[in-house]
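Residue strings, one per chain:
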Amino acid sequence: MANSLNVKVEKRPSGLWAELSGDITEDSEFNAILSEKPLLLTLDLAGIKRINSTGVREWINFMTALRKDGARINFERCSVAIVQQLNMIANFADRAEVHSVFAPYICPSCDTEEAKLVDFKANPTPDLEAPVACPNCKETMEFDDLPESYLAFRQQ
Amino acid sequence: MSPILQLSEATRRVLLIDADPKRQKHLRQIITRVIGAPETRETLGALEGGAPYNLIVAHYEGLDAGDLQRLQEFSAAHSEPKVLLLSAGTMRAGLPNMFGTKSLTNLLATSGDDELDVDGLIVTCQKILRRDIFGLEKYFVWGVPTRTARINKSAEKDALLAQMQEYASQLGIPQRLANLFETVVDEFVTNALYNSPVDADGKYRYASTSRTQRIELEPDEVINLKVCCDARRLGVSISDPFGSLTRSTIIEYLAKCFRRGDGQVDNKAGGAGLGFYQILDALSHFVINIKPGSTTEMIGLIDISGTYKDFVTKGKSFNIFVVDG
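All of these numbers come straight from a predicted model, not from anything done at the bench.

Along chain B, the regular secondary structure elements total nine helices and eleven strands. Counting across all 325 residues of chain B, residues that qualify as buried make up 55%. Here the contacts in chain B between residues at least 6 apart in sequence split such that 68% fall between residues at least 24 apart. Entry remark: accessible area of chain B is about 14300 Å², with carbon and sulfur atoms responsible for 50%.

Have a look at this one:
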């Protein structure tokens, strides 16, 4: 079942902070953010599980509306689903700056899946294949995507 | 004396083009043993439409740019023989080029180490040659249980997706692969409900309808969804009773998305024009079967034998089959 999009908005000294979780689909609404007309907006996207094709369009329209309002946008903690769309859809980020993303890992020993945060401010050129210990069995996990293309959106 | 056993379907002729001798030998053996001895060439050479071949099988990596262009032009100009391209490696780089030409619509991936998917080759060749195209079951061995669902209103989609999540969970596959499956089901169902239905004049009934607006088909207009799994691949198919999808529509939408230009995402009424792109990205093998005016069936196969990285490392297969209405 599509998990409806949840939007939690918080005003911080640094600007508006919005935490999004669930699926982005045709039914998703971003009015809680747009109505604030933010000048500086940080979107925390760690909780986005899936985005379908009409959800992509809703997102692009959301980005366009923010830009028209003059907002500066930062993406933080982008989920794997968000990174997938950043790589597939040319203007998915519009003019937003992507500050951090989650990278997927899987343990070959016990099949545990885990996403690790990659912060570009702390580490502008991350090594996605650096050893990561499995939280379950302590074996070394493997990066579960193509290291040469997972961050391709940064070059586009 | 009349033969007890008919030994060969000798009327079907295959041209096999591959410059790699070892690979060509392997392909020739398979085609010989299943269909009949093919004519073999190392390069494309001269081609004529119609006779004498029913099918041309060529290895993508063995074709130079000139040969590929000639094959594309040949495919665009002639309905027969059909062309089946085989490709090693990821082939992702070649997909935009392939869809940009809008002519080649049969691609079969071999795995990264150039190991051929023999089952896939046989099924694809026979579907092209026999024009017996429908059925998810063709891609699975006997004994694999198939589960079916019927849907004819958009309000049922969320419940169906919940069932499919549960099904994928029971299979115990990695979450990223389960998410791909859910994406495919979502896009398959949305396409079947909104883009496929046509009225008596062939006009699309709901293509321009907002996807947030609930729609309901007539009681006899049922969308059939099937899923199955053989431990190596997870399969899903959806069929509608309209047969309104066309080869050019699919290729145009895919070409538009692969170009990644300003028009990548549609802002018109209706869908975003990204469905086929999202589906192809989520699948190992995407098959579209069309009997115009009667049936469209989309089949998706996801390789679940390993991790997501294994899935994404292997190539993608893509076929469009059209039989006369």
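Here we come to the interface of chain B and chain A. Every contact between the two is made by 36 residues of chain B and, on the other side, 32 residues of chain A. Summing both sides of the interface, chain B and chain A together bury roughly 2800 Å²; the carbon and sulfur share of this comes to 46%. Viewed at the interface, chain A and chain B are joined by four salt bridges. The partner of Lys157(B) in a salt bridge is Glu26(A), with the nearest N and O atoms 3.0 Å apart. Put simply, chain B and chain A have 23 residue pairs in polar contact (both at pLDDT 80 or more) between them. Breaking the side of chain B that touches chain A down by element, the ones donating at least two residues are α5 (157-171), α6 (175-195), α8 (275-282) and α9 (308-313) of chain B. For the side of chain B that touches chain A, the class distribution of residues is ten nonpolar, 13 polar and 13 charged.

With that settled, consider the domain arrangement of chain A. All names here are of chain A. One can read the domain layout of chain A as domain 1 (1-98) and domain 2 (104-156). Inter-centroid distance (C-alpha atoms) of domain 1 to domain 2 is 23 Å. Facing the seven residues of domain 1 at the interface are ten residues of domain 2. When domain 1 packs against domain 2, close to 720 Å² is buried across both sides, 61% of that on carbon and sulfur atoms. In this assembly, domain 1 and domain 2 are joined by one salt bridge. On inspection of domain 1 and its partner domain 2, the count reaches three residue pairs in polar contact (both at pLDDT 80 or more). Among the elements that make up the side of domain 1 that touches domain 2, the one with the highest residue count is helix α3 (residues 80-88) (four residues). Considered class by class, the residues forming the side of domain 1 that touches domain 2 number four nonpolar, one polar and two charged.

The next subject is the sheet that holds strand β6 (residues 100-106) of chain A. Residues and elements named next belong to chain A. The strand order across the open sheet formed by four strands is β7-β6-β9-β8, and the pairing between neighbours is antiparallel. Bordering the open sheet on either side are β7 (113-119) and β8 (132-133), each of which pairs with just one other strand. By the bridge criterion, seven bridges tie β6 to β7 in an arrangement that is antiparallel. Across the sheet, Val-101 pairs through a bridge with Val-118, a residue of β7.

All names here are of chain A. With respect to topology, five strands assemble into an open sheet ordered β1-β2-β3-β4-β5, the strand pairing being mixed. Since the sheet does not close on itself, it has two edges, and those belong to β1 (6-12) and β5 (97-98), each with one partner. Bridge count between strand β3 (residues 40-51) and strand β4 (residues 72-76): five bridges; the pairing is parallel. Paired with Asp-44 across the bridge in β4 is Glu-76. The strands touched by helix α2 (residues 53-68) within the sheet are β2 (15-24), β3 and β4, with β3 carrying the most contacts at an inclination of about 180 degrees.

All right, on to the domain arrangement of chain B then. Accessible area lost during the coming together of the parts is what is often quoted as the interface size. Domain assignment breaks chain B into domain 1 (14-130) and domain 2 (143-316). For domain 1 of chain B versus domain 2 of chain B, the separation of C-alpha centres amounts to 26 Å.

Moving on, we get to the packing of α5(B) against α6(B). Residues and elements named next belong to chain B. α6 packs onto α5 with a crossing angle of 155 degrees between their chain directions and a minimal axis gap of 10 Å. Judged by the angle between their axes, α5 and α6 are roughly antiparallel. In the crossing of α5 with α6, the sense of the turn from one axis to the other is right-handed. Listed contacts from α6 to Lys-157, Leu-160, Leu-161, Met-164, Gln-165, Tyr-167 and Ala-168 of α5 are Ala-178, Phe-181, Glu-182, Val-185, Asp-186, Val-189 and Thr-190. A breakdown of the residues in the contact of α5 with α6 according to their chemical character gives nine nonpolar, two polar and three charged.

All names here are of chain A. Scanning the model with the defined rule gives 26 salt bridges over all chains in all. Where Asp-69 meets Lys-37, a salt bridge forms, and the shortest distance between an N and an O atom there is 3.8 Å. With Asp-69 in the loop between α2 and β4 and Lys-37 in the loop between α1 (31-34) and β3, this pair connects stretches of sequence that are 32 residues apart. Look at Asp-69 and you get partly exposed, because its relative accessible area is 31%.

What counts, and where the lines are drawn
Residues numbered from 1 in each chain as written. Chains lettered and ligands numbered in written order. Predicted model: local features only at pLDDT ≥ 70, side-chain atom pairs only at ≥ 80, totals over all residues. Heavy atoms only, no water. Helix = DSSP H or I, 4+ residues; strand = E, 2+ residues; numbered from the N terminus. Buried < 20%, exposed > 50% of the residue type's maximum accessible area, 1.4 Å probe, protein only. Contact = heavy atoms within 4.5 Å. Areas by Shrake-Rupley, 256 points an atom, 1.4 Å probe, with all protein chains shown as cover. Buried area = accessible area lost by both parts, 1.4 Å probe. Salt bridge = Lys/Arg side-chain N within 4 Å of Asp/Glu carboxyl O. Polar contact = N/O pair within 3.5 Å; in protein donor to acceptor, adjacent residues only side chain to side chain. Nonpolar A, V, L, I, M, F, W, Y, C, P; charged D, E, K, R; others polar. Domains from an automatic or database assignment. Pairing = 2+ DSSP bridges. Axes fitted to C-alpha atoms, helices over the stretch in contact; angles between N-to-C directions. Parallel < 35°, antiparallel > 145°, perpendicular 65-115°, else oblique. Left-handed = near helix turned anticlockwise from the far one by under 90°.

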